[in-house]
Amino acid sequence: MVTPKPTAVLVVHGIGQQMPMDTVRRFVRTVFGTRPDGRERPIFSKLDRDSDFLDLRRLVIPGGKGRGRVDFYEVYWAPALSGGSAPAVLAWAARLLFTRSQGDQLRRIVWAARCLLILLLLLAGGLYYVFRDSPWLRYLAPLAPLALGVWPLLRGWGSSVFSETLADASRWFAPRPRDIPDRDNVRRIGHQLLMELHRRDADGQQRYGRIVVFGHSLGSVIAYDIIRMAFDELRWPRDPTPEESARPVSERQPAAWNFSVESTALTETSDVGRFQHFQRQLHQEQRAQGVPWLVSDLVTVGSPLTHARDLWSSGVASFDQRIEENEFPGLPASW
């Protein structure tokens, strides 16, 4: 029995002051740590020679009968996108709160936040109106020094949450000019690792048979970016042989030739299974044409991509327009 080639899983962590390997260890232990029979699965930690960070490791699940080895890597980007500010986060939140949302889900969230803000303002005004002449205010006055002492602690904690966690999202979706280099550096870290996983050895063979990319929170957006960047670099087929050149493209690459037909069929029938089967045919066809692309799946958890129409739209270009211009890859509308 021929053992399948190993599978690589690329894990991209989410926002916040993440430590190396924390996300990938939790992911592997939670999802793959137990066998179907309830026994603990052996997981090994190896040196990650494809990363620039010495703290990163490669977690390995050994292969078995008819199953290849699985290697888990982490795109560790936290140090490259730090140093945000609370005012920038609040400005971004205010823009989302007072801008008409295009997506139904974000529209409901925004309206709920607006209603909560109005209720809090009404409650504060009502309490002041009711108790403005109450003697209780005299008893609460001595607590003012204590409040002044606690306020700096709360302000420091709140500022830390804004500047070290939420600022990652605001710097990514509402960047200022000084944020662009850091955002590009994050993409380069992920792009470099994904390209290394596609690298061929001295015999011209790729070491992995498949790559799965997993992104959590903002990491799913970063994963989406590095996939589209890597595919743009690797999507070029080899030069056709004279025999292949004599045949029309519709015969050499029937799946690519009929892609628009299949997209239309999905829109009309909503047959997702048929389209996924067609995607596999297209991938096999591209591999036969010399395209070394190995990414088979993008798995996301808690992804802001759900709100892409709002987060990636601006007064200059909407998200849908950028898809039409082939800047962002997308799926047929009825998916």
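Whatever comes next refers back to the structure up there.
Description of the structure in this document. These numbers were taken from a predicted model, which means no experiment stands behind them. (Residues numbered from 1 in each chain as written. Predicted model: local features only at pLDDT ≥ 70, side-chain atom pairs only at ≥ 80, totals over all residues. Heavy atoms only, no water.)

Examining the overall build of the chain
Reasoning step 1: Counting its secondary structure elements, the chain contains 14 helices and six strands.
Reasoning step 2: Taken across its 335 residues, the chain has 37% of its residues classed as buried.
Reasoning step 3: In the chain, the share of contacts with a sequence separation of at least 24, taken over all contacts with a separation of at least 6, comes to 71%.
Reasoning step 4: Summed over all atoms, the accessible surface of the chain reaches about 20500 Å², with 59% contributed by carbon and sulfur. (Helix = DSSP H or I, 4+ residues; strand = E, 2+ residues; numbered from the N terminus. Buried < 20%, exposed > 50% of the residue type's maximum accessible area, 1.4 Å probe, protein only. Contact = heavy atoms within 4.5 Å. Areas by Shrake-Rupley, 256 points an atom, 1.4 Å probe, with all protein chains shown as cover.)

Concerning the packing of aromatic side chains
Reasoning step 1: Scanning the model with the defined rule gives 16 aromatic pairs in all.
Reasoning step 2: An angle of 75 degrees between the planes, with centres 5.8 Å apart, marks the rings of Phe27 and Phe32 as edge-to-face.
Reasoning step 3: Using a relative accessible area of 14% as the deciding quantity, one classes Phe27 as buried.
Reasoning step 4: Relative accessible area serves as the criterion here: at 29%, Phe32 is assigned to the partly exposed category.
Reasoning step 5: Through successive ring pairs, a cluster of aromatic residues spans Phe173, Tyr224, Trp312, Phe319 and Phe328.
Reasoning step 6: Arg183 extends its terminal NZ or CZ atom over the ring of Trp172, reaching a point 5.8 Å from the ring centre.
Reasoning step 7: A cation over an aromatic ring shows up here: Arg235 above the ring of Trp236, its NZ or CZ 4.0 Å from the ring centre. (Phe/Tyr/Trp six-rings, centres within 6.5 Å; stacked < 30°, edge-to-face > 60°. Lys NZ or Arg CZ within 6 Å of the ring centre and 35° of its normal.)

Quick word on the sheet that holds strand 3 (residues 57-61)
Reasoning step 1: Strand order in the open sheet made by the six strands is 2-3-4-1-5-6, with mixed pairing throughout. The outermost strands of the open sheet, each flanked by one partner alone, are strand 2 (44-47) and strand 6 (295-301). Within this sheet the neighbouring strands show an average axis-to-axis angle of 25 degrees, counted without direction.
Reasoning step 2: Taken together, the six bridges between strand 5 (residues 210-216) and strand 6 define a ladder with parallel strand orientation. The residue bridging Ile211 from the neighbouring strand is Val295, located in strand 6.
Reasoning step 3: Seen against the sheet, helix 6 (residues 180-197) touches strand 1 (7-12), strand 4 (70-75), strand 5 and strand 6 and runs at an angle of roughly 160 degrees to strand 4.
Reasoning step 4: In the packing of helix 7 (residues 218-234) onto the sheet, contacts are made with strand 1, strand 5 and strand 6, and the angle to strand 5 comes to roughly 145 degrees. (Pairing = 2+ DSSP bridges. Axes fitted to C-alpha atoms, helices over the stretch in contact; angles between N-to-C directions.)

Points about the nonpolar core
Reasoning step 1: Counting residues in hydrophobic clusters, the biggest one holds 39 residues, and the most contacted among them are Leu10, Trp77, Trp172, Phe173, Ile211, Ile222 and Trp312.
Reasoning step 2: Elements represented by at least two residues in this core include exactly strand 1, strand 4, helix 2 (86-97), helix 5 (144-173), helix 6, strand 5, helix 7 and helix 13 (308-311).
Reasoning step 3: Among the elements that make up this core, the one with the highest residue count is helix 7 (nine residues).
Reasoning step 4: Here Phe173 is in contact with Trp92, Arg95, Leu218, Val221, Pro304, Leu311 and Trp312, once residues within four sequence places are set aside.
Reasoning step 5: Counting residues in hydrophobic clusters, the runner-up holds 16 residues, among them Met21, Val28, Val70 and Val212. (Core = buried A, V, L, I, M, F, W, Y, C linked by side-chain atoms within 4.5 Å.)

Focus: the environment of Pro292
Reasoning step 1: One can find Pro292 in the loop between helix 12 (272-288) and strand 6.
Reasoning step 2: Its relative accessible area of 12% is what places Pro292 among the buried residues.
Reasoning step 3: As for Pro292 and Trp236, which are separated by 56 residues in sequence, their C-alpha atoms are 8.7 Å apart.
Reasoning step 4: Not counting chain neighbours up to four residues away, the residues in contact with Pro292 comprise His198, Arg200, Gln206, Leu234 and Arg287.

Side note on the pattern of salt bridges
Between side chains of opposite charge, pairing is possible as soon as their charged atoms come close.
Reasoning step 1: In this structure the tally under the stated criterion is 18 salt bridges.
Reasoning step 2: Measuring nitrogen to oxygen at the nearest pair gives 3.9 Å for the salt bridge that ties Arg176 to Asp179.
Reasoning step 3: Arg247 is the partner of Glu251 in a salt bridge, and the nearest nitrogen-oxygen pair spans 3.9 Å.
Reasoning step 4: Classification of Glu251 by relative accessible area gives partly exposed; the value is 46%.
Reasoning step 5: Taking the relative accessible area as the measure of exposure, Arg247 reaches 39% and is therefore partly exposed.
Reasoning step 6: Taken together, the shared-partner salt bridges in this structure form one network comprising Arg171, Arg176, Arg178, Asp179 and Asp182. (Salt bridge = Lys/Arg side-chain N within 4 Å of Asp/Glu carboxyl O.)

Describing the packing of helix 6 against helix 7
The description of two helices packed together rests on the angle between their axes and the distance between the axes.
Reasoning step 1: Relative to each other, helix 6 and helix 7 sit at 55 degrees, their axes nearing to 9 Å. In terms of orientation, helix 6 lies oblique with respect to helix 7. When you trace helix 6 past helix 7, the crossing you get is right-handed. Residue-level contacts link Val186, Arg187, Gly190, His191, Leu194 and Met195 of helix 6 to Ile222, Asp225, Ile226, Ile227, Arg228, Met229, Ala230, Glu233 and Leu234 of helix 7. (Parallel < 35°, antiparallel > 145°, perpendicular 65-115°, else oblique. Left-handed = near helix turned anticlockwise from the far one by under 90°.)

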